[in-house]
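# Chains, contacts and geometry: an overview
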Amino acid sequence: MMKMPSRRKSRSFHLQLQGAIGTIQSPFLFLFTNYCHSSTSTLEDARFLTNNFKSASFTHLHDAIASFNHVIHKHPLPSRAQFSRFLSALVKMKQYHTVFSMPKTIELLGISHDVYSLSILINCFCHLHLVDFGFSVFGKMLKFGLEPTTVTFNTLINGLCMERKIDKAVEFFDYMVARGYQPDVRTFNVIVNGMCKFGKTNVAIGLLKGMADRGCEPNVVTYNAIIDALCKDELVSEALELFSQMRNKGISPNVITYNSLIHGVCKLGQKNQALALMNEMVEQNILPNVYTFNVLIDALCKDGMVSEAQNTFNVMVQRGVEPDVVTYNSLIDGLCISDQFKEALALLKEMVGRNISPDVFTFNILIDTLCKKGLVSNAQNIIKIMIQRGVEPDVVNYNSLMDGYCLCKQIDKARKLFDLMVTNEIADIFSYSILINGYCKCKMIDDAKDIFVEMSHKGLVPDVVTYSTLIEGIFQAGRPQNAKELFKDMCSHGQQPNIVTFSIMIDGLCRQGNLDEALTLLKAMEKSQLKPNVVIYSSLINGMCKVGKINDAKELFYSLFEIGLQPDVYVYYAIMKGLCQQGLIDEAYNVFKDMEKVGCLPNNCCYNIIIQGFLRHEDLPKASELIYEMVDKGFSADDATTELVVHLSRNNDLILRLLKVRNEGSAN
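Residues numbered from 1 in each chain as written. Predicted model: local features only at pLDDT ≥ 70, side-chain atom pairs only at ≥ 80, totals over all residues. Heavy atoms only, no water.

### A few points about the domain arrangement of the protein
Our working definition: Domain borders in the structure are assigned automatically or taken from a domain database.
Segmentation of the protein into domains returns domain 1 (63–182), domain 2 (497–587) and domain 3 (603–667). Averaged C-alpha coordinates put domain 1 and domain 2 at centres separated by 68 Å.

Put into structure tokens, the structure is as follows:
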């Protein structure tokens, strides 16, 4: 009695399915026709195809289709369970569309659907991010009087999580429990994993704690999901605590557990702990895999410990773990950062020799390094090699090249490349920011402003970097009013200034003598929960000295120690310069002497400004002493110091000869 309605419903569903994923082509129909007209199939081939179907052990789609086309002509036909096993094998091969094309044919053979075959269809929909169609199948399952299994519920919950519908997944989980189904560990794992991926780690921890009360014990997969989420949120101590609880419960960690923890401690710069964890996993006969080594190698390279990274790479190879493109990319990047470009190219050659093809990230690293070195023509050659190897350059490659042109002051070439990117619709916000920065560095402010305006016309919203770059350029061009207007425009468009923006604004205002405006901006910055850094304090001290407020500058300088900020060499230079300008040479010299006591070594500018102070006070003995000290430390006099020495050393040219010898040595 159920057969006819069932077939009408499935026909209707088939039409709905076509609407969702397009007309379903049956990939086996062509083969089916050929099979009917073929008389050359041997008995041996027939046995092979039958066994292949029953075992569902094929690796190629055409083998699977050939087996299917063979068995649908056999008498008796395979059982419903065998067809379901066959469809499951196709799902494992990720041939979801092929699966959709087969149930109709199976139905026409008189084999009706059961809960397993429909669950397979639901799984396919979920993998194709069509969970709503999965729920349509679920509805039909209930209408047919079929009882869904826990696997069916798990599949739909996972589908909802895959589509970021975590709240609906939790609702469906509650519906499952309300209908009297007992969630298994897989159900909890799917929910916990979904929550962790979408920032609800605390809720996931609560669910973990309540699992035992619901009659289900967590396993290593449950713990791994939460440990990984905690590590990604840099809550490594919490992750290690959970790791300890897991082991206390007798649940053995696996390579995934350790990989998450190693990645977490590496993100915090705790490489020794990462190595300790790796040693621990080896002691427990858990072998590090390529991901484990990649995480450690990348962390070492990012910290400039390239030789240690290379040693780790050697250990990796000795242990029989094959490096991949990610391994080589990290090492090449590390070598480039540490200015070992020849070694990076040698590693690239080794990589290709191992039949590991460089990807777009490999080329990005090389192009960016060459451009930063000013070797733009070499970078162009790398892009040509990319194209020859079939690797399509991306916007990052072109942005690096454009930045290289800007650094080399080849602004016309940068603009030509930018226009090409715009024409091909690949220019992004970084492309615009790079060109704006290039124009600003070349003092072409009006061109920079034109590009800025063009961004809006293209529907791109300038970010804080774009605004900060243009504001700095406008200040440097001597247009403070325009810079202030742009800053207001930035705030009115909802872009929150960051520490760099405030630093540029405060420095620009101080250089223009607008100290009161700079101090007002400092208060606004503090209200926005941003803490001023030494760069901002250096600008303010300079600004105070510029308008003659030396006492305020001194007070601000000494307050830095009270708030736990260590002044850098630029802050020391700013206060010494202000004190010298006010004739307070003894105070300036005391500050100069205090520098080394706190571990801040004077630079060339510091020596020159204090020497100039003594020369202006015609204290030649002290100036001479400091000049000798400066020369011994490898520094040289600037033009202002030399001019003062020439003026004051008419009767004693010893100091002048010393400076000349030193300056000639520097020039050579």
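### Focus on the packing of aromatic side chains
The condition that has to hold: Only centres within 6.5 Å qualify two rings of Phe, Tyr or Trp (six-membered ring in Trp) as a pair; their planes then separate them into stacked at under 30 degrees, edge-to-face at over 60, and tilted for everything else. For helices the rule is a DSSP run of H or I covering at least 4 residues; for strands it is a run of E covering at least 2, with both sets numbered from the N terminus onward.
For the coordinates displayed, the defined rule picks out 25 aromatic pairs. On the basis of an interplanar angle of 80 degrees and a centroid distance of 6.4 Å, the ring pair of F135 and F138 is categorised as edge-to-face. You can see F135 and its partner F138 sitting in helix α9 (residues 131–143), 3 residues apart, about one turn around the helix. Each residue in the set F135, F138, F153, F172, Y175 and Y181 is aromatic and connected to the rest through ring pairs, giving one cluster.

### Description of helix α20 (residues 325–337)
What counts here: The length a helix should cover is 1.5 Å for every residue beyond the first. Relative accessibility decides the category of a residue: with a 1.4 Å probe and only protein chains considered, values under 20% of the type maximum give buried, values over 50% give exposed, and everything between is partly exposed. Polar contact criterion, stated in full: a pair of N or O atoms within 3.5 Å, where within protein one must be able to donate a hydrogen and the other to accept it, and residues adjacent in sequence count only if both atoms are side-chain atoms.
Taking 1.5 Å per residue as the helical rise, α20 with its 13 residues ought to reach 18 Å, and the 18 Å between its terminal C-alpha atoms agrees with that figure. Buried within α20 we find T327, Y328, N329, S330, L331, I332, G334, L335 and C336. The opening residue of α20 is D324, an N-cap whose side-chain oxygen sits 3.1 Å from the backbone nitrogen of V326. Phi turns positive, to about 60 degrees, at D339, one or two residues after α20.

### Remarks on the environment of G459
Here G459 shows up in the loop between α27 (445–457) and α28 (464–476). You can call G459 exposed: its relative accessible area is 59%.

### Examining the packing of helix α15 (residues 236–248) against helix α16 (residues 255–267)
Applicable threshold: Where helices are involved, their axes are fitted lines through C-alpha atoms of the stretch in contact, as for all axes, and angles between N-to-C directions lie from 0 to 180°. Here roughly perpendicular refers to angles of 65 to 115 degrees, roughly parallel to angles under 35, roughly antiparallel to angles over 145, and oblique to all remaining angles. A crossing counts as left-handed when the near helix is turned anticlockwise from the far one by less than a right angle, and as right-handed when that turn is clockwise. In what follows, residue pairs with any heavy atoms lying within 4.5 Å of each other are defined as contacts. Only Asp, Glu, Lys and Arg are considered charged, only Ala, Val, Leu, Ile, Met, Phe, Trp, Tyr, Cys and Pro nonpolar, and every remaining residue, Gly among them, polar.
Two numbers describe how α15 lies on α16: the axes approach to 10 Å, and their chain directions differ by 155 degrees. The angle between α15 and α16 falls in the class roughly antiparallel. Crossing handedness for the pair α15 and α16: left-handed. Residues V236, A239, L240, F243, M246 and R247 of α15 pack against T257, Y258, L261, G264 and V265 of α16. Looking at the contact of α15 with α16 residue by residue, the class counts come to 8 nonpolar, 2 polar and 1 charged.

### Here we look at the pattern of salt bridges
Note the following rule: What counts as a salt bridge is simple: a side-chain nitrogen of Lys or Arg found within 4 Å of a carboxyl oxygen of Asp or Glu.
As enumerated under the stated definition, the model contains 20 salt bridges in all. For R511, the salt bridge identified is with D507, shortest N-O distance 2.8 Å. With R511 and D507 both in helix α30 (residues 499–511) and 4 residues apart, the pair spans about one turn of that helix. Given a relative accessible area of 59%, R511 falls into the exposed group. Overall, D507 belongs to the partly exposed group, its relative accessible area being 24%. A salt bridge links K622 to E625, with the shortest nitrogen-to-oxygen separation between them at 3.2 Å. With a gap of 3 residues between them, K622 and E625 both fall in helix α37 (residues 620–632), about one helical turn apart. With relative accessibility at 19%, the residue K622 sits in the buried group. Shared partners join several salt bridges into a network, and the residues in it are D132, E163 and K165.

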